[in-house]
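# Tertiary structure, described
Single-letter residue listing:
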Amino acid sequence: MTGTSQTGTDIKKATFLLRGGKCVAIPTETVYGLAANAFDSAAVASIFEIKNRPFFDPLIVHIGNADQISKLAVSFPEKAKSLTEKFWPGPLTIILPKSDSVPDIVCAGLPSVGIRMPDHKLTLDLLNSLEFPLAAPSANPFGYISPTIAQHVVDQLGNKIEYILDGGPCRVGLESTIVSFVSEKPTVLRFGGIDLEDIEAVIGKVIVEHKNSEAPTAPGMLSSHYAPLKKLLFGRLDDLISQNTGLNYGVLALSDLKGQKGIILSESGNLKEAAQNLFAAMRLMDNSSYDLILTEEMPDHGLGRAINDRLSRASY
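Residues numbered from 1 in each chain as written. Predicted model: local features only at pLDDT ≥ 70, side-chain atom pairs only at ≥ 80, totals over all residues. Heavy atoms only, no water.

Locating Ala73 in the fold gives a position in the loop between α3 (69-72) and α4 (78-87). A residue is classified by how much of its surface remains accessible, and Ala73, at 8% relative accessible area, is buried. Between the C-alpha atoms of Ala73 and Leu96, which are 23 residues apart in sequence, the distance is 6.0 Å. Contact partners of Ala73, with chain neighbours within four places excluded, come to Leu96, Pro97, Lys98, Ser99 and Ile115. (Helix = DSSP H or I, 4+ residues; strand = E, 2+ residues; numbered from the N terminus. Buried < 20%, exposed > 50% of the residue type's maximum accessible area, 1.4 Å probe, protein only. Contact = heavy atoms within 4.5 Å.)

See the structure below:
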């Protein structure tokens, strides 16, 4: 298509386009997604084409109610059920052995599928008005910073999609936590909007395997991801500042810029607020006059782990 996409809150228009095999940008509590009918291989292929996303990187399927799981997965273990009862709708993705109804293109040929129920009224209303679930990665060019307001989608995909459902700013601001139930023990594959401690409080100790992979079994596992166009360095802020004296850099810090120019993510050092502001702040730094972005390592607990994961991959 040519021109710029429309933005609005018209669920009927979004439904019409999705039923016609088109892609629509949708809001969630985590980030904006680029959605298509998960059961339509051609529509899903359009997601990869629009994002320039490699086909080996699997997608997450979004549902409006838990009854849809039986159409997507061949098993639903009790521990997975316990997590969804506690955290859905919300920033949790579970990975289950897939059913034959899910096209291979959605899962990158893997025998498993990622499923999530987003916590956003507009998108839940949309999902529950459709006869099919929606495959939806983040609505941005592959590998770049995820979008947390509709304007971010307009800026980067506005000439490639017809409609952006505008649900306001994303209140979590980081992608979902991914927990796999494909093997015997539950395994966290990506840190995200649900804390590791909260997951283990429900189902006990889990394996943590959020490592870099060039053959990912879940979204967000590639070594380089969430990255600005400018070079970004990640680590201990005092060291980064001393190592880059004389260069034109800006600092992205939790609550203390150490006397440098840049952006604070949370004046009070609140990790939830920092997560909400992270991707928007990264975009501002990327569009600034700085040549280099210095980012500090967050406290290694709660959402700090998820922020560190995104910054580490952005610096790869």
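Let's shift gears to the pairing of strand β6 (residues 112-116). A regular strand carries its side chains on alternate faces of the sheet. Of all five residues in β6, five are buried; the element is thus mostly enclosed. Burial of β6 is two-sided: the residues Ser112, Gly114 and Arg116 facing one way and the residues Val113 and Ile115 facing the other way are all buried. Two elements, strand β4 (residues 60-62) and β6, share three bridges in a ladder whose sense is parallel. Across the sheet, residue His62 finds its bridge partner in β6, namely Arg116. Pairing of strand β5 (residues 92-97) with β6 involves five bridges; the strand directions are antiparallel. Paired with Pro97 across the bridge in β6 is Ser112. (Pairing = 2+ DSSP bridges.)

A few words on the sheet that holds strand β15 (residues 292-296). A sheet is described by the order of its strands in space; here four strands give the open sequence β12-β15-β13-β14, paired in parallel fashion. Each end of this open sheet is capped by a strand with a single partner; those strands are β12 (231-235) and β14 (262-264). Strand-to-strand, the axes of this sheet are offset by a mean angle of 15 degrees, without reference to chain direction. Helix α9 (residues 271-286) contacts β12, β13 (249-253), β14 and β15 of the sheet and is inclined by roughly 175 degrees relative to β13. Its contacts with the sheet put helix α10 (residues 303-314) on β12 and β15, and the angle it makes with β12 is roughly 135 degrees. (Axes fitted to C-alpha atoms, helices over the stretch in contact; angles between N-to-C directions.)

What follows concerns the nonpolar core. In this structure, Ile115, Ile161, Leu278, Met282 and Ile307 are the most contacted members of the largest nonpolar core, which totals 76 residues. Per-element accounting of this core gives the leading share, eight residues, to α9. Contacts of Leu278, omitting those with residues within four sequence positions, involve Leu174, Leu252, Leu265, Ile307, Arg310 and Leu311. One finds Leu17, Ile26, Leu127 and Tyr163 within the second-largest nonpolar core, a separate group that totals 16 residues. (Core = buried A, V, L, I, M, F, W, Y, C linked by side-chain atoms within 4.5 Å.)

As a further point, take the sheet that holds β6. The eleven strands lie next to each other as β1-β8-β2-β3-β7-β4-β6-β5-β9-β10-β11, forming an open sheet whose pairing is mixed. Here the strands that pair on one side only, and so sit at the sheet edges, are β1 (6-8) and β11 (207-208). Inspection of the sheet shows β1 paired to strand β8 (residues 163-165) by three bridges, in the parallel sense. Along β8, the bridge assignment pairs Gly8 with Leu165. Where α4 meets the sheet, it contacts β5 and β9 (177-180), and its direction lies at approximately 155 degrees from that of β5.

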